[in-house]
Amino acid sequence: MDLTRRPRRLRGDGVRSLVSETEVAASDLIAPVFVDATTDERVPIETMPGHERVPLEEAADRVEEIMETGVEAVIVFGIPESKDAEGSRAWADDGVVQDAVREITSETDAYVITDVCLCEYTDHGHCGVLEPGAETDPRLTVQNDLTLDLLGKTAVSHAEAGADMVAPSGMMDGMVGTIRESLDGAGYTDVPIMSYAAKYESSFYGPFRDAADGAPSFGDRRHYQMDPANRREAMREVELDVEQGADVLMVKPALPYLDIVADLRETFDHPIAAYNVSGEYAMLHAAADKGWLNLEEVAYESLLSIKRAGADLILTYFAEDIAERL
Ligand code: PBG
């Protein structure tokens with residue numbers, strides 16, 4: 001046995017931090033914010049302890065609170081006052097996200113990202129326009145190409161309101177290219193696109209669907225979001241977004257998909273984002289509530305692991321708690 005090589009030498013206090021390979025910084029984190037047009041007071045989100053839906057009047061206050069922890073970027077989700085078949089409140093000039101972005105950008109210095117999707121705005125909860133008969137025929141779901149126009153309009157309306165970056169999450173083919181063309185056509189050539197490039201059809205989104213009221217009223221999203229079984233397909237899927245002009249590439253969820261984060265890091269030189277989703281947050285809280293895990297420790301370890309796998313930025317409901325600890 002050769003004991004001349006002893007990795008433990010570099011684990012002593014004093015040297016550990018010198019040889020540490022990975023760091024989480026508050027400037028890597030993006031905090032989700034839920035703005036709800038149907039309420040005039042803050043409503044706690046039961047499945048996501050510590051998070052709330054806030055009324056429009058409190059959107060800027062909510063972002064101020066986040067910024068006090070050291071986090072500088074937010075992603076805004078909207079709960080509209082009404083829904084319809086096409087999701088027309090998604091691109092309304094006086095829509096909830098548009099109004100919230102105007103408030104936030106006029107009152108804070110936060111970097112404001114908007115989620116571009118239709119599922120919170122359609123009365124059926126799918127991420128686009130339905131194919132005729134989809135309610136009753138499980139083989140049918142969303143019409144891809146008709147949905148693209150609506151996503152383009154939505155992204156432009158967010159940029160007009162002052163969004164710094166848009167993040168399309170609907171997993172429609174061609175969504176990045178369409179949005180890039182629409183933004184450029186409207187003069188927003190400097191607004192970057194963070195694509196939810198490899199977004200899986202995951203059961204870890206459960207608590208979010210409560211938070212943003214966007215659960216499909218029938219069926220599921222397997223016809224547009226990726227099959228959790230597929231790793232190689234992610235490279236093909238992401239390559240398309242790169243060709244269409246995506247500036248930042250996101251993997252979602254994060255922890256169960258760290259192989260995908262690592263693959264993207266190897267393959268592309270773009271910034272890689274990972275979305276530490278609602279279910280990843282809720283399960284740690286549930287276990288901590290029972291006294292089975294130390295919440296702060298497992299939250300930090302989760303974010304550290306996501307960075308170690310290759311993510312540059314992390315969207316996480318732990319953003320404020322972790323930033324405060326750093
Ligand atoms: C779609 C969207 C979803 C999430 C972010 N954007 C929901 C979905 O695809 O079902 C999930 C985020 C989370 O679970 O934290 N607009």
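Keep in mind that what you see is a predicted model, and the values were worked out from it rather than measured.

Basis of the calculations
Residues numbered from 1 in each chain as written. Predicted model: local features only at pLDDT ≥ 70, side-chain atom pairs only at ≥ 80, totals over all residues. Heavy atoms only, no water. Axes fitted to C-alpha atoms, helices over the stretch in contact; angles between N-to-C directions. Helix = DSSP H or I, 4+ residues; strand = E, 2+ residues; numbered from the N terminus. Parallel < 35°, antiparallel > 145°, perpendicular 65-115°, else oblique. Left-handed = near helix turned anticlockwise from the far one by under 90°. Contact = heavy atoms within 4.5 Å. Nonpolar A, V, L, I, M, F, W, Y, C, P; charged D, E, K, R; others polar. Core = buried A, V, L, I, M, F, W, Y, C linked by side-chain atoms within 4.5 Å. Buried < 20%, exposed > 50% of the residue type's maximum accessible area, 1.4 Å probe, protein only. Polar contact = N/O pair within 3.5 Å; in protein donor to acceptor, adjacent residues only side chain to side chain. Pairing = 2+ DSSP bridges. Salt bridge = Lys/Arg side-chain N within 4 Å of Asp/Glu carboxyl O.

**A few points about the packing of helix 2 (residues 59-68) against helix 3 (residues 96-107)**
For step 1, the next point in the chain: Two elements in contact, helix 2 and helix 3, have axes whose closest approach is 8 Å; the angle formed by their N-to-C orientations is 50 degrees. Here helix 3 runs oblique to helix 2, going by the angle between their axes. Considering only the axes of helix 2 and helix 3, their crossing is right-handed. Judged by residue contacts, Ala59, Ala60, Val63 and Glu64 of helix 2 engage Ala100, Glu103, Ile104 and Glu107 from helix 3.
For step 2, the next point in the chain: Residues belonging to the contact of helix 2 with helix 3 are distributed by class as follows: five nonpolar, no polar and three charged.

**What about the nonpolar core?**
For step 1, the next point in the chain: Core analysis: the largest hydrophobic core is formed by 110 residues, its most contacted members being Phe34, Leu183, Met194, Leu249, Leu264 and Tyr275.
For step 2, the next point in the chain: The leading source of residues in this core is helix 4 (residues 144-161), at seven residues.
For step 3, the next point in the chain: Those residues in contact with Leu183 that lie beyond four places of it in its chain are Ala155, Val156, Ala159, Val166, Tyr188, Thr189, Val191 and Ile193.

**Some thoughts on the environment of Asp241**
For step 1, the next point in the chain: Residue placement: Asp241 occurs in helix 7 (residues 232-243).
For step 2, the next point in the chain: The class for Asp241 is buried, based on a relative accessible area of 5%.
For step 3, the next point in the chain: For the pair Asp241 and Ser195, spaced 46 residues apart in sequence, the C-alpha to C-alpha distance is 7.2 Å.
For step 4, the next point in the chain: Those residues within four positions of Asp241 in sequence are excluded, and the remaining contacts are Val176, Ser195, Tyr196, Ala197 and Ala246.
For step 5, the next point in the chain: A distance of 2.5 Å separates polar atoms of two side chains, one belonging to Asp241 and the other to Ser195.

**Things to note about the pairing of strand 10 (residues 313-316)**
For step 1, the next point in the chain: Taking every second residue as pointing to the same face, both faces of strand 10 are buried, with Leu313 and Leu315 on one and Ile314 and Thr316 on the other.
For step 2, the next point in the chain: Direction of pairing for strand 1 (residues 29-36) relative to strand 10: parallel, over a ladder of two bridges. Residue pairing across strands places Leu29 opposite Ile314, the latter belonging to strand 10.
For step 3, the next point in the chain: In this structure, strand 9 (residues 272-276) lies alongside strand 10, joined through four bridges in parallel fashion. The residue of strand 10 that forms the bridge with Tyr275 is Leu315.

**Here we look at the pattern of salt bridges**
For step 1, the next point in the chain: Per the stated rule, a full pass over the model turns up 21 salt bridges.
For step 2, the next point in the chain: A salt bridge links Arg5 to Asp2; the nearest nitrogen and oxygen atoms lie 3.9 Å apart.
For step 3, the next point in the chain: Look at Arg5 and you get exposed, because its relative accessible area is 68%.
For step 4, the next point in the chain: Judged by its relative accessible area of 43%, Asp2 is partly exposed.
For step 5, the next point in the chain: Note that Arg89 is salt-bridged to Glu81, the shortest N-O span being 2.8 Å.
For step 6, the next point in the chain: One salt-bridge network, in which partners are shared between bridges, spans Arg42, Glu52, Glu58, Arg62, Glu65 and Glu320.

By themselves, these observations are geometric and do not establish any function.
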